[in-house]
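# Close look at the chain arrangement
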Amino acid sequence: MALFISGGEIFVIMLIVVMVFGADKIPEIARGLGKGMRQLKDATNEIKHEIQQSAEDTGLDTGIANDVQKEINKVKEDLEDMSGPIKRQF
């Protein structure tokens, strides 16, 4: 599902943000959001690494996950190919 926001809607949202928080607080808020997103990404990568390392240490076949992901991507592509002509063009 894609989220489409036009330029006018972005302008209105930015105007509301400036009115609510004030122009001097926006960089601070953006830094905080960026820092939080970075911490979340780092934690996610760390968890993935730990799971991968545990699987390798116990001798589990980690290639299965890659094979499953390839099959999922193939099914997604097939569905997009089938639904392509059906989708409306706006």
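Residues numbered from 1 in each chain as written. Predicted model: local features only at pLDDT ≥ 70, side-chain atom pairs only at ≥ 80, totals over all residues. Heavy atoms only, no water.

A count of helical and extended segments in the chain gives three helices and zero strands. Put simply, the chain runs from its N terminus to its C terminus through helices and strands in the order α-α-α. Burial analysis of the chain (90 residues in total) assigns 2% to the buried set. A total accessible area of about 8,500 Å² is found for the chain, and carbon and sulfur atoms account for 63% of it. (Helix = DSSP H or I, 4+ residues; strand = E, 2+ residues; numbered from the N terminus. Buried < 20%, exposed > 50% of the residue type's maximum accessible area, 1.4 Å probe, protein only. Areas by Shrake-Rupley, 256 points an atom, 1.4 Å probe, with all protein chains shown as cover.)

The next thing to look at is the pattern of salt bridges. If you walk through the whole model with that rule in mind, you get one salt bridge. For Asp42, the salt bridge goes to Arg38, with nearest N and O atoms at 3.5 Å. Placement of the pair is Asp42 and Arg38 together in helix H2 (residues 26-58), with a separation of four residues, close to one helical turn. The exposure class assigned to Asp42 is partly exposed, which follows from its relative accessible area of 39%. Residue Arg38 is classed as partly exposed on the basis of its relative accessible area of 46%. (Salt bridge = Lys/Arg side-chain N within 4 Å of Asp/Glu carboxyl O.)

On average, residues of the chain score 80 in pLDDT, and 84% of them reach the 70 mark or higher. Element-level pLDDT for the chain is lowest in helix H3 (residues 63-83), with a mean of 78, against a maximum mean of 88 in H2. (pLDDT = per-residue confidence, 0-100.)

On to helix H1 (residues 7-21), then. The end-to-end C-alpha separation of H1 is 21 Å, in line with the 21 Å expected for 15 residues at 1.5 Å each. Immediately downstream of H1, the backbone of Gly22 shows phi near 90°, a positive value. (Expected span 1.5 Å × (residues − 1).)

Next up on the list: the environment of Val18. Assignment of secondary structure puts Val18 in helix H1. When sequence neighbours within four positions are dropped, the list of residues in contact with Val18 reads Ala23 and Ile26. (Contact = heavy atoms within 4.5 Å.)

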